[in-house]
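One letter stands for each residue in the lines below.
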Amino acid sequence: MGKNVKIAPSLLAADFLRLGDEIRKVEAAGADLLHFDVMDGHFVPNISLGICILESVRQATRLPLDVHLMLDNPEKHLDAFAAAGADGITIHLEIHPEPDAILDRIGGLGKTRGLAVNPDLPMERLAGKLARVDRLLIMGVFPGFGGQAFIQATLERLTRARQLLDAEGRAAAELQVDGGIGPKNSAAVIAAGTDCLVAGTAIFRAPDPAAAILALRGGDSPGK
Ligand code: DX5
Ligand code: ZN
């Protein structure tokens, strides 16, 4: 096993009728944090989880909660997501091309500051934008739905993201990848410098989530 990567199960792939059990399942399986996808039907074509669900999730776990805001107007909702129990809040550079002010607001709420980019955003747009970033999230699919195929070009984007973080004095910031992650590509994204793997389908839909998490970390493959 290589470096100690974090694993963040994405609740989008959970069975929502049994959400408490699903959270306990991935806690027992070794999750380091939980990833909570918020979609508005505008920035992305789907609508997903909202504030009242986050409040319930917060009651159910002590794991850190990363809230991924796929919204046209994340600035309107920061206070509500912070109050509902987020530990980290991630916004998209496509919506806030000059992200310093909104990242300062997130930090001012006592939350870790995340910046996400879609697969078609030129990586050089990140240059000079990373000073306030605690977490840089590189999408491995176009956001909106779980269970999509990983876009291979994401590997070079992760390598470039790591270089940009290091070059801009943010070597300690966490590099995350989100979308299409599974045991077949986890070693490659880790080799590219990723610190935290977000995975929905590969964990919640696995017959043995603990084995799935071990495989993502670079341990024994569950045979996929
Ligand atoms: C995609 C979401 C992801 C999604 C990942 O729009 O941001 O977090 O849940 O799902 P999988 O791991 O199934 O690709
Ligand atoms: Zn996400």
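Above this text you will find the structure in question.
Not measured: the values here are computed from a predicted model.

### What to know about the overall build of the chain
The helix and strand inventory of the chain stands at eight helices and eight strands. Radius of gyration (C-alpha) of the chain: 16 Å, near the 17 Å computed for a compact globule of 224 residues. Taking all 224 residues of the chain together, the buried fraction comes to 53%. Contacts in the chain between residues far apart in sequence, at least 24 positions, make up 62% of those at least 6 positions apart. Here the chain has roughly 9,500 Å² of accessible surface; of this, 53% comes from carbon and sulfur atoms. Positive and negative charge centroids in the chain, built from 23 and 28 side chains respectively, lie 2 Å apart.

### Focus on the site of ligand 1
Close to ligand 1 lie 19 residues; Ser10, Asp37, Gly144, Asp178 and Thr201 are nearest. Glycine 180 has a polar backbone atom sitting 2.8 Å from an oxygen atom of ligand 1. Threonine 201 has a polar side-chain atom sitting 2.4 Å from an oxygen atom of ligand 1. Protein chains shield 99% of the accessible area of ligand 1, which is 380 Å² for the free molecule. Here ligand 1 occupies the largest pocket. Secondary structure elements with two or more residues in the shell around ligand 1: strand 2 (34-39) and strand 3 (65-70). Residue contributions to the shell around ligand 1 peak at three residues, all from strand 2. Per-class residue counts for the shell around ligand 1 are seven nonpolar, 10 polar and two charged.

### Some points on the coordination of the zinc ion (ligand 2)
Donor atoms from the polypeptide that coordinate the zinc ion (ligand 2) comprise His35 (NE2), Asp37 (OD), His68 (ND1) and Asp178 (OD), at 2.1 to 2.3 Å from the metal. With six donor atoms in place around the zinc ion (ligand 2) and angles of 70 to 174° between them, the coordination shape is octahedral. All donors of the zinc ion (ligand 2) belong to a single chain; written as a sequence motif, their spacing is H-x1-D-x30-H-x109-D. Of this pair, histidine 35 sits in strand 2 while aspartate 178 sits in strand 7 (residues 174-178), placing them 143 residues apart in sequence. Here histidine 35 falls in the buried class, since its relative accessible area comes to 2%. Residue aspartate 178 is classed as buried on the basis of its relative accessible area, which comes to 7%.

### Notes on the side chain of arginine 157
With respect to the secondary-structure elements, arginine 157 resides in helix 5 (residues 154-167). The buried charged residue arginine 157 lacks any salt bridge, with glutamate 94 as its nearest oppositely charged partner at 6.3 Å. Setting aside its immediate chain neighbours within four residues, arginine 157 contacts Val117, Asn118, Pro119, Asp120, Leu121, Met123 and Ile138.

### Thoughts on the pairing of strand 2
Taken across its six residues, strand 2 has six buried, putting it largely inside the fold. Of the two faces of strand 2, the one lined by Leu34, Phe36 and Val38 and the one lined by His35, Asp37 and Met39 are each fully buried. For the crossover from strand 2 across helix 2 (residues 51-60) to strand 3, the handedness is right-handed.

### Quick look at the sheet that holds strand 4 (residues 88-92)
Pairing is parallel across the open sheet formed by eight strands, whose spatial order is 1-8-7-6-5-4-3-2. Strand pairing shows two members of the sheet lacking a second neighbour, strand 1 (6-9) and strand 2, which therefore form its edges. Averaged over neighbouring strand pairs, the angle between their axes works out to 25° when direction is ignored. With five bridges connecting them, strand 4 and strand 5 (residues 112-117) associate as parallel partners. Within the sheet, the bridge partner assigned to isoleucine 89 lies in strand 5 and is arginine 113. Set on the sheet, helix 4 (residues 100-108) makes contact with strand 4 and strand 5; between it and strand 5 the angle comes to about 145°.

Cut-offs and rules
Residues numbered from 1 in each chain as written. Chains lettered and ligands numbered in written order. Predicted model: local features only at pLDDT ≥ 70, side-chain atom pairs only at ≥ 80, totals over all residues. Heavy atoms only, no water. Helix = DSSP H or I, 4+ residues; strand = E, 2+ residues; numbered from the N terminus. Rg over C-alpha atoms; globule rule 2.2 N^0.38 Å. Buried < 20%, exposed > 50% of the residue type's maximum accessible area, 1.4 Å probe, protein only. Contact = heavy atoms within 4.5 Å. Areas by Shrake-Rupley, 256 points an atom, 1.4 Å probe, with all protein chains shown as cover. Lys, Arg positive; Asp, Glu negative; His and termini not counted. Charge placed at Lys NZ, Arg CZ, Asp CG, Glu CD. Near = heavy atom within 4 Å. Polar contact = N/O pair within 3.5 Å; in protein donor to acceptor, adjacent residues only side chain to side chain. 1 Å grid on protein atoms, 1.4 Å probe; cavity = no way out; pocket = protein on both sides within 12 Å on 5 of 7 lines; lining within 4 Å. Sits in = over half its atoms within 2 Å of the grid points. Nonpolar A, V, L, I, M, F, W, Y, C, P; charged D, E, K, R; others polar. Donors = N, O, S within 2.8 Å, 3.2 Å for Na, K, Ca; no water. Tetrahedral: all angles 85-135°; square planar, octahedral: opposite > 155°, others 65-115°. Salt bridge = Lys/Arg side-chain N within 4 Å of Asp/Glu carboxyl O. Right-handed = clockwise from strand over helix to strand, strands pointing away. Pairing = 2+ DSSP bridges. Axes fitted to C-alpha atoms, helices over the stretch in contact; angles between N-to-C directions.

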